[in-house]
Amino acid sequence: MPAIQLQTEIPGPRSRALMARRQAAVPRGPFHATPIFASRAHGAVLEDVDGNRLLDFAGGIGCLNVGHTDASVVAAAGAQLGRLTHGCFHVTPYESYVRLAERLNALAPGPAPKKTMFVNSGAEAVENAVKIARAATGRGAVLAFEDGFHGRTLLALSLTSKVHPYKVGFGPFVPGVQRAPYAYCYRCAYKLTYPACGLHCVDALEDLFKRHVAAEEVAAVIVEPVLGEGGFVVPPGDYLPRLRALTERHGILLIADEVQTGFGRTGKLWAVEHSGVVPDILIAAKSIAGGLPLGAITGRADVMDAAGPGGLGGTFGGNPVALEAALAVLERFDDGALYARAERIGQAFRERAGRWAASVPLLGDVRGVGAMWALELVKDRASKAPAKDETAAVAKAAYERGLLTITAGTYGNVLRTLMPLVISDDELRVGLDVLEAALVSVAGSH
Ligand SMILES: Cc1ncc(COP(=O)(O)O)c(C=O)c1O
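Residues numbered from 1 in each chain as written. Predicted model: local features only at pLDDT ≥ 70, side-chain atom pairs only at ≥ 80, totals over all residues. Heavy atoms only, no water.

Topic: the site of the ligand
Piece 1. In the region of the ligand, the neighbouring residues are Ser 121, Gly 122, Ala 123, Phe 149, His 150, Gly 151, Glu 224, Asp 257, Val 259, Gln 260 and Lys 286.
Piece 2. Between the ligand and Ala 123, the relevant distance is 2.8 Å, taken from an oxygen atom to a main-chain nitrogen or oxygen of the residue.
Piece 3. Notes on the ligand: free accessible area 390 Å², of which the protein chains cover 84%.
Piece 4. Its residues assigned to classes, the shell around the ligand comprises 3 nonpolar, 5 polar and 3 charged. (Near = heavy atom within 4 Å. Polar contact = N/O pair within 3.5 Å; in protein donor to acceptor, adjacent residues only side chain to side chain. Areas by Shrake-Rupley, 256 points an atom, 1.4 Å probe, with all protein chains shown as cover. Nonpolar A, V, L, I, M, F, W, Y, C, P; charged D, E, K, R; others polar.)

Looking at helix α5 (residues 122-137)
Piece 1. With 16 residues, α5 should reach 22 Å at 1.5 Å per residue; the first-to-last C-alpha distance of 23 Å fits that figure.
Piece 2. Of the positions making up α5, those classed as buried are Gly 122, Ala 123, Ala 125, Val 126, Glu 127, Asn 128, Ala 129, Val 130, Ile 132 and Ala 133.
Piece 3. The backbone nitrogen of Glu 124 has a side-chain oxygen 3.1 Å away, supplied by the residue at the start of α5, namely Ser 121.
Piece 4. In the stretch just after α5, Gly 138 is the one whose phi turns positive, near 70 degrees. (Helix = DSSP H or I, 4+ residues; strand = E, 2+ residues; numbered from the N terminus. Expected span 1.5 Å × (residues − 1). Buried < 20%, exposed > 50% of the residue type's maximum accessible area, 1.4 Å probe, protein only.)

A look at the pairing of strand β7 (residues 218-223)
Piece 1. Within β7, 6 of the 6 residues are buried, which leaves it mostly tucked inside the rest of the structure.
Piece 2. Here 3 bridges tie strand β5 (residues 141-145) to β7, and the two strands are oriented parallel to one another. Its bridge partner being in β7, Val 142 is matched across the sheet by Ala 220.
Piece 3. Bridge count between β7 and strand β8 (residues 253-257): 4 bridges; the pairing is parallel. Each residue of the ladder has a partner; that of Ala 220, found in β8, is Leu 253. (Pairing = 2+ DSSP bridges.)

Regarding the nonpolar core
Piece 1. Core analysis: the biggest nonpolar cluster contains 126 residues, and Tyr 239, Phe 263, Ile 283, Ile 297 and Leu 375 have the highest contact counts within it.
Piece 2. A per-element tally of this core places helix α11 (residues 320-333) first, with 10 residues.
Piece 3. Excluding its chain neighbours within four sequence positions, the residues that come into contact with Tyr 239 are Phe 145, Pro 181, Tyr 182, Ala 183, Leu 199, Cys 201, Val 202 and Val 223. (Core = buried A, V, L, I, M, F, W, Y, C linked by side-chain atoms within 4.5 Å. Contact = heavy atoms within 4.5 Å.)

Next up, the structure:
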């Protein structure tokens, strides 16, 4: 079966009709990267309501590392649906909650005993991590990074740094959030060059503690090990260790937001494993449950126990169906094959993108780790002026040819790849061919 099979132009007539109904019935706020209505999906292929088969490099924004409708995930979730759909952990707890917590505790970096609690989304995991950090330290402030994304609920949004479209019109935000530049070396906020800079962006935090907030009032630093929505920015290898040392110096907790980087995307279960850094709290969501809504907060047991009984939770947090799906997802990772796939995908992407970089001046930067790769598009390489419209045009040219992609970056000029790790070599090759054709079509008219 070919990976891409188009029966109609994209979007087809059924998608267009549904879009008209959507415009009338659903507010503008919930965006969509494509005008294509999904009908079914398996592995790395999605079928739309017009019967077109599209290759998926978006994975529902990184939620499908094990692939769409993975057989073991569907079986586990389906069986649980008929047993206990919801009981509420706060009323009558159930074993799967404890079992998944035990597994995630064992898999979290660092030797200290861990505890885990569950919520419904990445944003909710962020909210709870900050609450726990405040309870554990008795401090109020939180340091987050420029170009970071932590979600859309009000505290998570206060930590998120992209103004358009996320923050504009929604303030005022939660007080106590401090912000500093991330190690975004391609666009260094200090106009320095690594490694000559000596990681000035970390040293500058000491300055921030003098000018803006006392270190002893900071509960936590929250950091994405690789920026997700911010454009798949991979910091230098010594960045996270230096940040860890700084937080330890000041008794500040380190929260690793692995919502997008986690569950094998970077070739390891957690992206922090590449650096050897042990965070105090690690949060996960997205791919944890193979497409079902689930978020997890795992942390040092003494930190996690700082919040009192009833202080944390929520009606649906740790839903039994999502938990069984997550346990099945973890089993899919047990033999290590998906981590190897992530590396293989990254290698194939890097090889192809290296060739594009030689012939397509629009490509300013190609970067990534594991299967988390991105292209940053610029109007010209000298000025690095972000090529936002061109990036949107490439994404459109791609989906019109049957490849789903999504963009990222504070300037909207990054194309990121979040394909299911189960994508076959053939599918990957076809997807990269389409991406190349889309790039060339836009670069040609640039
Ligand atoms: C790093 C990171 N944190 C938090 C979130 C928020 O997750 P959710 O959309 O599930 O609320 C996201 C979502 O993209 C994310 O990438």
